Amino acid sequence: MDLLTDFLLAAVSSPWVYLVVFAVVVIDGFFPPVPSESIVVVAAALGVSAGTPNPVVIVVLAAVGAAIGDNIAYWLGRRIGIDRFRWMRGRRTAAALDRAGRGLALRPASLLLVARYIPVGRVAVNMTAGATGLPHRRFWPLTVLAGACWAVYSVLIGILAGNAFRDQPMLGATIGVVLALCLGVLVDRVAAAIARRRASARPGLPTRPQPSRTGS
């Protein structure tokens, strides 16, 4: 454990850590297996307890990276749709896309803001927004706001954990990651419950908006 701690502390002391954080957040915007929340929280926690990287810089990079990644997902949805590949038609993926379609038909702004905190959910929502023709001029400002709020939220969790365990930086980072994941699951469950309640109150609402054939 001491060797692992020393290795990670050496890694975050390098200027390259900023590029890594930015790249991971961008990729996570359209490829959910990449754990951007964990990277941002760990960087912030170690920034407090070890003195580097700078949490303010992490906030800026995470916010910009999140907005870029979300817009890439939007354009992927617009260009390739949401049912072209077999994995998109799987039961869980199809269900996530259907929920995204319902939510975008009812409350696009609030859904885009909330979805940023749900790793798989944000990709489904952003791709569906592109595939169903939500105007990009309406989409991108919301992703900028969502990315900024998410970045501040993630870094604050890391800062709190780092301050609580200054003498054990890796423990603080680990607790911060667990807390962030738990809050993400909570947001997902609450959002899903609200969506089900609203859908049951509007039985005539289509499960997914029809894709727009117009350009951006």
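For the structure itself, consult the block above.
Being a predicted model, the structure only gives us computed values, none of them experimental.

A.B. asks: Explain the packing of helix H3 (residues 36–50) against helix H4 (residues 55–80) to me, please; I cannot follow it from the model alone.
C.D. replies: Following both chains from N to C, one finds H3 and H4 inclined at 165 degrees, their axes separated by 9 Å at the closest point. Between H3 and H4, the angle is such that the two are roughly antiparallel. The hand of the H3/H4 crossing is left-handed. Within the contact between the two elements, H3 uses Val 40, Ala 43, Ala 44 and Val 48 and H4 uses Pro 55, Ile 58 and Ala 62.

A.B. asks: Would you mind going over the pattern of salt bridges with me for this structure?
C.D. replies: One side chain can pair with another of opposite charge once the charged atoms of both are near each other. Per the stated rule, a full pass over the model turns up 3 salt bridges. Salt-bridge contacts for Asp 28 lead to Arg 122; the nearest nitrogen and oxygen are separated by 2.2 Å. Of the two residues, Asp 28 sits in helix H2 (residues 16–28) while Arg 122 sits in helix H7 (residues 119–131), which places them 94 residues apart along the sequence. The exposure class assigned to Arg 122 is buried, which follows from its relative accessible area of 1%. For Glu 37, the salt bridge goes to Arg 122, with nearest N and O atoms at 2.8 Å. Taken together, the residues span a long stretch of sequence, with Glu 37 in helix H3 and Arg 122 in helix H7 at a distance of 85 residues. Glu 37 gets classed as buried once you look at its relative accessible area, which sits at 8%. A cluster of three or more residues bridged by salt bridges with shared partners is formed by Asp 28, Glu 37 and Arg 122.

A.B. asks: Whenever I open this one, the nonpolar core confuses me. Can you help?
C.D. replies: One broad trend across soluble globular proteins is that nonpolar side chains are buried collectively. Ranked by internal contacts, the top residues of the largest apolar core, which has 17 residues, are Val 21, Val 25, Val 40, Ile 58, Ala 62 and Trp 150. Only H2, H3, H4 and helix H8 (136–164) provide two or more residues apiece to this core. In terms of residue count, H8 provides more of this core than any other element does, 5 residues in total. Counting residues in hydrophobic clusters, the runner-up holds 10 residues, among them Leu 111, Leu 112, Ala 129 and Phe 139.

Definitions and limits used
Residues numbered from 1 in each chain as written. Predicted model: local features only at pLDDT ≥ 70, side-chain atom pairs only at ≥ 80, totals over all residues. Heavy atoms only, no water. Axes fitted to C-alpha atoms, helices over the stretch in contact; angles between N-to-C directions. Helix = DSSP H or I, 4+ residues; strand = E, 2+ residues; numbered from the N terminus. Parallel < 35°, antiparallel > 145°, perpendicular 65-115°, else oblique. Left-handed = near helix turned anticlockwise from the far one by under 90°. Contact = heavy atoms within 4.5 Å. Salt bridge = Lys/Arg side-chain N within 4 Å of Asp/Glu carboxyl O. Buried < 20%, exposed > 50% of the residue type's maximum accessible area, 1.4 Å probe, protein only. Core = buried A, V, L, I, M, F, W, Y, C linked by side-chain atoms within 4.5 Å.

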